[in-house]
Amino acid sequence: MSVLAVEKEVNPRFDDFLFDWSTKFQFLVGGYGSSKSYHVALKIILKLLEEKRTALVVREVYDTHRDSTFSLLEEIVIDLGLEHRVKCVTSPMQIRFPNGSKIIFKGMDKPGKLKSINNVSLIWIEEGSEVKYAGFKELLGRLRHPTLKLHMILSTNPVGEDNWTYLHFFKDEQNNRFILDDQELYKKKTIVVNDTYYHHSTADDNLFLPSSYIEQLEEMKEYDPDLYRVARKGHFGVNGKRVLPQFEEAPHGEVVEAINNIKKPLFRIGMDFGFVDSFNAVLRMVVDTEKLYLYIYWEYYKNNKTDDETVEDLKDFKDSGERIIADSAEPKTIRYFRKQGFNMTGAYKFKGSRLQNTKKMKRFRKIICSDECPNTIREWKNLVYKTDRNDNIIPDEFNIDPHTFSAAWYGLDGYDVADLKEKGQRARPNRKRSSRERR
């Protein structure tokens, strides 16, 4: 369009995006200053000039529209010289077009007001990671029109991989749901999967940014690596200070081979108890007592199981006589298992043991987990510390309740990473997986 050429407001990275309406969903993710919000706003204005539509713009908090999305859309209307034809009304916030199109603004903090919206064929969710997943699903129900093709645009900065935007549009390992590897998006920049158009951008894609802005983003690499990942690279990842930065996953065969090559192995099994909201978690672990590596090669992870059902699930341990060290806060459960023939004892717990156990785990040089232990991987690789109101970490509190992490604490009871005194007590697992490993 000639008006765009005159104003020179379009970054080449967004050329195709501006006029691509082939998919229902369009997901834009990127770093600070990439101009993604600007081009979403421009795209919507151009669409509403061409077709009579009602567009809904959503943020988590309604009052934040005034200085963000509404202000941006109004700025573009003026830049295009359309302020005499397109009316930007401030109370209530609304943008009206000469062909009858309009843009309305809502906040998810006032969900009741969404119920009165009708014939919305286009929704823009700005800062999508701040909107709750329940809100997103509510908006899907509001996106309906008898004749027009429906579109939803989401724009966001990436946050943690536990955020709903990542779990819904990329991968949710806990529910075995995979849509797209985000690393592939970072390489290709634009990908279409099913009915979703994915777009990635960074400050480098915004030709109108001053170099000083990019320099400020680069400085984050030194003092805030997490923010650098989000702001400069525009990548999802672990949002916060990781508890176990030395944790890695590896193919099961490689883990078993490494275990078989350990000269002084220590085999341990730990169990955390759970029922409804928590899980029964059991880990088989091996410590390389020379390298101070911890290997995890087998897991059990189930909830809503009665004790007798769990006993049946774990009957291999009864047959093998393997020693299980479990949560001593459940003496009744431990006694039940012992009566059923299990070699089970309680871990020693004391005031401050949670912190001491966390410190113990951090002293391993490497923690290597088999890819056949998906719940351990999910809980450990993204495990970060909780923070207080001053953003200081709380060293014995985490973003989730990691049941497998607790199982490891109990299983390693009495073991000092820095001064190992115990010796291996079992044979190494065979390269050919045993019946215990396959369970």
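About the criteria used
Residues numbered from 1 in each chain as written. Predicted model: local features only at pLDDT ≥ 70, side-chain atom pairs only at ≥ 80, totals over all residues. Heavy atoms only, no water. Axes fitted to C-alpha atoms, helices over the stretch in contact; angles between N-to-C directions. Helix = DSSP H or I, 4+ residues; strand = E, 2+ residues; numbered from the N terminus. Parallel < 35°, antiparallel > 145°, perpendicular 65-115°, else oblique. Contact = heavy atoms within 4.5 Å. Nonpolar A, V, L, I, M, F, W, Y, C, P; charged D, E, K, R; others polar. Pairing = 2+ DSSP bridges. Buried < 20%, exposed > 50% of the residue type's maximum accessible area, 1.4 Å probe, protein only. Patch = residues over 30% accessible without salt bridge, like charges linked within 9 Å, V, L, I, M, F, W, Y side chains within 5 Å. Areas by Shrake-Rupley, 256 points an atom, 1.4 Å probe, with all protein chains shown as cover. Salt bridge = Lys/Arg side-chain N within 4 Å of Asp/Glu carboxyl O. Lys, Arg positive; Asp, Glu negative; His and termini not counted. Charge placed at Lys NZ, Arg CZ, Asp CG, Glu CD. Phe/Tyr/Trp six-rings, centres within 6.5 Å; stacked < 30°, edge-to-face > 60°. Polar contact = N/O pair within 3.5 Å; in protein donor to acceptor, adjacent residues only side chain to side chain.

Colleague: Let's hear about the packing of helix H15 (residues 374–381) against helix H16 (residues 403–411): which residues, and what values?
Modeller: Between H15 and H16, the least distance of the axes is 8 Å, while the angle of their chain directions is 95°. When the axis of H15 is compared with that of H16, the two are roughly perpendicular. The segment H15 lies against H16, with Asn375, Thr376, Glu379 and Trp380 engaging His403, Thr404, Phe405 and Ala408. Residue composition of the contact of H15 with H16, by class: three nonpolar, four polar and one charged.

Colleague: Go over the sheet that holds strand S3 (residues 87–90) with me, naming the residues and quoting the values.
Modeller: Taken in spatial order, the nine strands line up as S3-S4-S5-S2-S6-S7-S1-S11-S10 in an open sheet, and their pairing is mixed. Strand pairing shows two members of the sheet lacking a second neighbour, S3 and strand S10 (190–193), which therefore form its edges. Each strand of the sheet is rotated relative to its neighbour by a mean of 15°, with strand direction disregarded. In the sheet, strand S6 (residues 122–126) pairs with strand S7 (residues 151–156) via five bridges, with the strands oriented parallel. Of the residues in S7, the one forming a bridge with tryptophan 124 is isoleucine 153. Sitting on the sheet, helix H3 (residues 36–50) touches strand S1 (25–30), strand S2 (54–59), strand S5 (102–107), S6, S7 and strand S11 (196–201), and the angle it makes with S6 is about 165°.

Colleague: Describe H15, and please don't skip the residues or the numbers.
Modeller: Most of H15 is tucked away: seven of the eight residues are buried. Within H15 the residues assigned to the buried category are Asn375, Thr376, Ile377, Arg378, Glu379, Trp380 and Lys381. On its buried side, H15 packs onto strand S12 (247–250), strand S14 (280–288), strand S15 (293–302), helix H14 (353–362), strand S18 (366–370) and H16.

Colleague: Report on a negative patch on the surface, specifying residues and quantitative values.
Modeller: Residues Glu249, Glu254, Glu257 and Asp371 make up a contiguous surface patch of negative charge. Position of glutamate 257 among the secondary structure elements: in helix H10 (residues 252–260). Relative accessible area serves as the criterion here: at 40%, glutamate 257 is assigned to the partly exposed category.

Colleague: Report on the packing of aromatic side chains, specifying residues and quantitative values.
Modeller: Under the definition given, this model contains 31 aromatic pairs. Judged by centre distance (6.1 Å) and plane angle (65°), the rings of phenylalanine 136 and phenylalanine 169 are edge-to-face. One end of the pair, phenylalanine 136, is in helix H5 (residues 133–142); the other, phenylalanine 169, is in helix H6 (residues 164–169), and 33 residues separate them in sequence. Residue classification places phenylalanine 169 among the buried residues on the basis of a relative accessible area of 3%.

Colleague: Describe the pairing of S10, with residues and values.
Modeller: The two faces of S10 differ: Ile191 and Val193 on one face are buried, but Thr190 and Val192 on the other face are not. For S10 and S11, the ladder comprises four bridges, and the chain directions are antiparallel. Looking at the pairing, isoleucine 191 lines up with tyrosine 198 of S11. The turn linking S10 back onto S11 is made up of two residues, and asparagine 194 within it adopts a positive phi angle of 55°.

Colleague: Help me get a handle on the pattern of salt bridges, residues and values and all.
Modeller: What the rule picks out here adds up to 16 salt bridges. Across the salt bridge formed by glutamate 184 and lysine 188, the nearest N and O atoms sit 3.0 Å from each other. Taken together, the residues span about one helical turn, with glutamate 184 and lysine 188 both in helix H7 (residues 182–188) at a distance of four residues. Residue aspartate 204 is joined to arginine 232 by a salt bridge in which the shortest nitrogen-to-oxygen separation is 3.0 Å. Highlighted residues: aspartate 204 in the loop between S11 and helix H8 (211–223) and arginine 232 in helix H9 (residues 225–233), separated in sequence by 28 residues. What you see here is one network of salt bridges that share partners, running through Lys47, Glu51 and Arg53.

Colleague: Which residues make up unusual backbone geometry, and what are the values?
Modeller: A cis geometry characterises the amide bond from serine 91 onward to proline 92, with omega recorded as -10°. By secondary structure assignment, the location of proline 92 is in the loop between S3 and strand S4 (93–96). Of note in the backbone geometry, serine 35 takes a positive phi value of approximately 75° without being a glycine. Here serine 35 shows up in the loop between S1 and H3.

Colleague: Describe the sheet that holds strand S16 (residues 323–326), and please don't skip the residues or the numbers.
Modeller: Across the sheet, seven strands lie side by side as S12-S18-S15-S14-S13-S16-S17; this open sheet has mixed pairing. Of all the strands in the sheet, just S12 and strand S17 (343–346) have a single pairing partner and so form its edges. Ignoring which end each strand starts from, the neighbouring axes of this sheet average 30° apart. Contacting S12, S14, S15 and S18, H15 runs over the sheet at an angle of about 115° to S15.

Colleague: Got a sec to walk through the side chain of serine 35? Specific residues and values, please.
Modeller: Overall, the relative accessible area of 13% leaves serine 35 in the buried class. Within the structure, the side chain of serine 35 is placed 3.0 Å from the side chain of asparagine 11, a separation counted as a polar contact. Excluding residues within four positions of it along the chain, serine 35 makes contact with Asn11, Phe14 and Asn206.

Colleague: Describe the environment of tyrosine 133, naming the residues involved and giving the relevant values.
Modeller: Inspection of the secondary structure assignment puts tyrosine 133 in helix H5. Under the relative-accessibility criterion, tyrosine 133 is labelled partly exposed at 32%. Along the primary structure tyrosine 133 and tryptophan 164 are separated by 31 residues, whereas in three dimensions their C-alpha atoms are 6.0 Å apart. Once residues lying within four places of it in the same chain are set aside, the contact partners of tyrosine 133 are Trp164 and His168.

Colleague: So, the environment of valine 120: which residues are in play, and what are the values?
Modeller: Within the element layout of this structure, valine 120 appears in the loop between S5 and S6. A relative accessible area of 0% means that valine 120 is categorised as buried. Sequence separation between valine 120 and arginine 144 is 24 residues, and the spatial gap between their C-alpha atoms is 5.7 Å. Not counting residues within four places of it along the chain, the set of residues in contact with valine 120 comprises Thr54, Leu56, Arg142, Leu143, Arg144 and Leu150.

Colleague: Which residues make up the pairing of S7, and what are the values?
Modeller: Consecutive residues of a regular strand have side chains that alternate between opposite faces of the sheet. With six of its six residues buried, S7 lies for the most part within the structure. Of the two faces of S7, the one holding His151, Ile153 and Ser155 and the one holding Met152, Leu154 and Thr156 are both buried throughout. With five bridges connecting them, S1 and S7 associate as parallel partners. Considered in S7, the bridge of glutamine 26 is made with isoleucine 153.

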